[in-house]
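Tertiary structure, described
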Amino acid sequence: MPMPIIAIQEILDGKSKGESVTIRGWIHRKRESKQTIFLIVRDASSVIQCTVKRDNPFWTQAKKVTKESPVMIKGTVKQDKRATGGYEIAVERLSIIGLAETFPITKGKGEETEKFLRDNRHLWLRSRRMNWIMRVRSEVLRFIHEFFRKEGFIEVSPPMFISSACEGGATLFGLKYFGKDLYLTQSAQLYLEALIYSLEKVYCVAPSFRAEKSRTIRHLTEYWHVEPEWAFAGMDDLMRVEEDLVSYVCQKTVENCRREMKSLGADTSKLIAVKTPFPRIKYTEAIERLNAKDFKIRWGEDLGFDEEKALAEEFDKPFFIYAYPRQIKAFYCKTYRDNPDLAMSTDMLVPRIGEISTGGVREDDKEELLKRLKEFGLREEDYDWYIDLRRYGTVPHVGFGLGVERLLTWMLDLENIIDAIPFPRTIRRFYP
Ligand code: 4AD
Ligand code: MG
């Protein structure tokens, strides 16, 4: 009977000391000396050193095998303090599943240029670093779904082709749709609002598209957007769910991704410290704090990346800014009834990245909504179906949008958002 294939991580966990095992993976690196060939083999779970001695009948195979060739190896597990991971395999059988051509990436991050690795992203995804990030990303998504399901939200699937803007025309990607002008979605929000009348509490995790000309460490043109929307709720409910979600994801990720986070050099103590309630300041206070720090920003102006970073430094953890001037927030934002200059809108900010989410109470009154559309220069006929939601059974409701990649960039201390997604799309980058 053939031996079952074992994951390399299981060996490193010390479960097969002295045993004979079979592993399957790719040659991650190869080193040779006169008497020994060291094959560093990688599978999805980890890497391990496999040694072939000169008198081994598989010596010629080991000589021949190239970096990135898929292989199957049978051998005995030995504890060896010198080997990374503390274990190695003394090879007894080596079969080459396919011989790889000379691999273009020879070194790795820090030694090959950032541009070269980005141009070869399809190959660089095999690096240990990208493997760890993608594993954490998968877990973060799992905990996001877990959280909403635990809270009674129903997952829904919004459209990607849309006919009118949610977040303003400046960042809309247009496309031809059988001769008509359509757009790629910027946010599922308006559709989620329609769905609450059936399901009350809904959420989605879906792509959003932004024709962002900004070249910063926090902008993609295609990103994954977590958006919940729910009925019979106000500002307080909104901020509570939002902070509960973020702290749940942080705690669960630290618990479940210790190894990956350590390998990435990410600061786990920062995530452990994420506890509710999060600090909340009003926009007006944010402006005062900034002016005290010599920022020239005036009341009524939107916060830029630098302003957000300066504020976030003061808190050193996630926090909310709320009650923004209505003119800098979207048309659908409800205003405070006792102060119509202010929108019931809130952003969550984190150190180094600034905004990771925006949410708020939606204007639920038809007449007010019509006024807001006019104020923003939007055509009523483009939003007719949306106005229907205020005609037939309107209720107070809230929602927010959280960018998955921004959250990950902060959680993992990534230098740039492009490493938070396997195939990043930015103004310049759409290949591979
Ligand atoms: O602040 P935004 O534009 O808000 C909305 O789209 C609302 N309709 C969401 C809602 O209430 N359902 O986008 C929400 C979040 C941002 O806070 C940010 O995390 C992320 O989406 N985001 C981006 N992430 C990466 N690259 C970009 N270009 C992004 N633009 C927005
Ligand atoms: Mg925003």
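Since the model is a prediction, treat every value here as computed from it, not as a measurement.

Here the focus is helix α14 (residues 404-411). Helical geometry: 3.6 residues make up each α-helical turn, so side chains three or four residues apart lie on a common side. Counting buried positions along α14 yields eight of eight residues, so the element is predominantly enclosed. Looking only at α14, the buried set comprises V404, E405, R406, L407, L408, T409, W410 and M411.

With that settled, consider the pattern of salt bridges. Tallied over the full model, the rule gives 40 salt bridges. Close ionic contact of K150 with E151 constitutes a salt bridge, the shortest N to O distance being 3.6 Å. Classification of E151 by relative accessible area gives partly exposed; the value is 31%. The partner of E193 in a salt bridge is R390, with the nearest N and O atoms 2.7 Å apart. With a gap of 197 residues between them, E193 in helix α6 (residues 189-199) and R390 in helix α13 (residues 384-391) connect regions that are remote in the sequence.

Surrounding ligand 1, one finds 24 residues, the nearest of these being E167, Q189, E227, E355 and I356. Within the side chain of E355, an N or O atom sits 2.5 Å from an oxygen atom of ligand 1. Contact distances for ligand 1 include 2.7 Å between an oxygen atom and a backbone N or O atom of I356. The fraction of the free accessible surface of ligand 1 (620 Å²) that becomes covered by protein chains is 95%. Of all elements in the fold, only β11 (222-231), β16 (354-361) and β17 (397-403) reach the threshold of two or more residues within the shell around ligand 1. Class assignment of the residues belonging to the shell around ligand 1 gives a composition of seven nonpolar, nine polar and eight charged.

The next thing to look at is the nonpolar core. The biggest cluster of nonpolar side chains holds 60 residues, and the ones touching the most others in it are F148, W410 and L412. It is helix α7 (residues 235-256) that provides the largest number of residues to this core, a total of ten residues. Here W410 is in contact with C250, K270, L271, V274, P318, V350, P351, R352 and I353, once residues within four sequence places are set aside.

Before going further, it helps to examine the coordination of the magnesium ion (ligand 2). For the magnesium ion (ligand 2), the protein coordination sphere consists of E355 (OE) and T358 (OG1), at 2.2 to 2.3 Å. You can call E355 partly exposed: its relative accessible area is 22%. The exposure class of T358 is partly exposed, given its relative accessible area of 25%.

Attention now moves to the sheet that holds strand β8 (residues 174-177). The strand order across the open sheet built from three strands is β7-β9-β8, with neighbouring strands paired in antiparallel fashion. A strand with exactly one partner marks an edge of an open sheet, and here the two such strands are β7 (161-162) and β8. Bridge analysis of β8 against strand β9 (residues 180-184) gives four bridges, and the strand direction is antiparallel. Residue pairing in the sheet places L175 in a bridge with L182 of β9.

On the surface, F161, Y177 and F178 cluster together to form a nonpolar patch covering roughly 380 Å² of accessible area. Relative to the assigned elements, F161 resides in strand β7.

At a closest axis distance of 10 Å, the pairing of helix α10 (residues 283-292) and helix α11 (residues 305-315) adopts a crossing angle of 90°. Comparing their axes, α11 and α10 come out roughly perpendicular. Two secondary-structure elements touch here, α10 through A286, R289 and L290 and α11 through E307, A310, L311, E314 and F315. For the contact of α10 with α11, the per-class residue count stands at five nonpolar, no polar and three charged.

Counting buried residues along strand β15 (residues 339-350), nine of its twelve residues qualify, which places the element largely inside the surrounding structure. Pairing geometry for strand β13 (residues 319-325) and β15, over six bridges, is antiparallel. Among the inter-strand pairings, P325 is bridged to a residue of β15, identified as L342. Bridge analysis of strand β14 (residues 335-336) against β15 gives two bridges, and the strand direction is antiparallel. Its bridge partner lying in β15, Y336 is registered against N339. Remark: two residues form the turn of the hairpin made by β14 and β15, two consecutive strands paired antiparallel.

Along α10, the residues classified as buried are Y283, A286, I287 and L290. Taken around the axis of α10, the buried residues stretch over an arc of 100°, which confines them to a single face. Exposed and oriented more than 90 degrees from the buried face of α10 are E288 and A292. Of the residues flanking the end of α10, it is D294, one or two places downstream, whose phi is positive at about 75°.

Throughout the structure, instances matching the rule amount to 17 aromatic pairs. Within the aromatic cluster, the residues linked to one another by ring pairs are F147, F148, F153, Y203, W230, Y248 and F400. The side chain of R31 reaches across the aromatic face of F38, ending 4.4 Å from its centre. Over the aromatic face of Y324 sits the side chain of K329, whose NZ or CZ is 4.1 Å from the ring centroid.

What follows is about unusual backbone geometry. Here the bond from T276 into P277 is cis, since omega is -5°, no more than 30 degrees from zero. The omega angle of the peptide bond from Y431 to P432 is 0°, so this bond is cis rather than trans. Mapping P432 onto the fold places it in the segment after α14. Although it is not a glycine, E68 adopts a positive phi angle of roughly 80°. As for its placement among the helices and strands, E68 is situated in the loop between α2 (59-64) and β4 (70-79). Despite not being glycine, E200 has its phi angle at roughly 65°, a positive value. In this fold, E200 is placed in the loop between α6 and β10 (201-209). Relative accessible area serves as the criterion here: at 44%, E200 is assigned to the partly exposed category.

Thresholds, definitions, all that
Residues numbered from 1 in each chain as written. Chains lettered and ligands numbered in written order. Predicted model: local features only at pLDDT ≥ 70, side-chain atom pairs only at ≥ 80, totals over all residues. Heavy atoms only, no water. Buried < 20%, exposed > 50% of the residue type's maximum accessible area, 1.4 Å probe, protein only. Helix = DSSP H or I, 4+ residues; strand = E, 2+ residues; numbered from the N terminus. Salt bridge = Lys/Arg side-chain N within 4 Å of Asp/Glu carboxyl O. Near = heavy atom within 4 Å. Polar contact = N/O pair within 3.5 Å; in protein donor to acceptor, adjacent residues only side chain to side chain. Areas by Shrake-Rupley, 256 points an atom, 1.4 Å probe, with all protein chains shown as cover. Nonpolar A, V, L, I, M, F, W, Y, C, P; charged D, E, K, R; others polar. Core = buried A, V, L, I, M, F, W, Y, C linked by side-chain atoms within 4.5 Å. Contact = heavy atoms within 4.5 Å. Donors = N, O, S within 2.8 Å, 3.2 Å for Na, K, Ca; no water. Pairing = 2+ DSSP bridges. Patch = residues over 30% accessible without salt bridge, like charges linked within 9 Å, V, L, I, M, F, W, Y side chains within 5 Å. Axes fitted to C-alpha atoms, helices over the stretch in contact; angles between N-to-C directions. Parallel < 35°, antiparallel > 145°, perpendicular 65-115°, else oblique. Arc of directions from axis to C-beta. Phe/Tyr/Trp six-rings, centres within 6.5 Å; stacked < 30°, edge-to-face > 60°. Lys NZ or Arg CZ within 6 Å of the ring centre and 35° of its normal.

So yeah, pure geometry; function would need other evidence.
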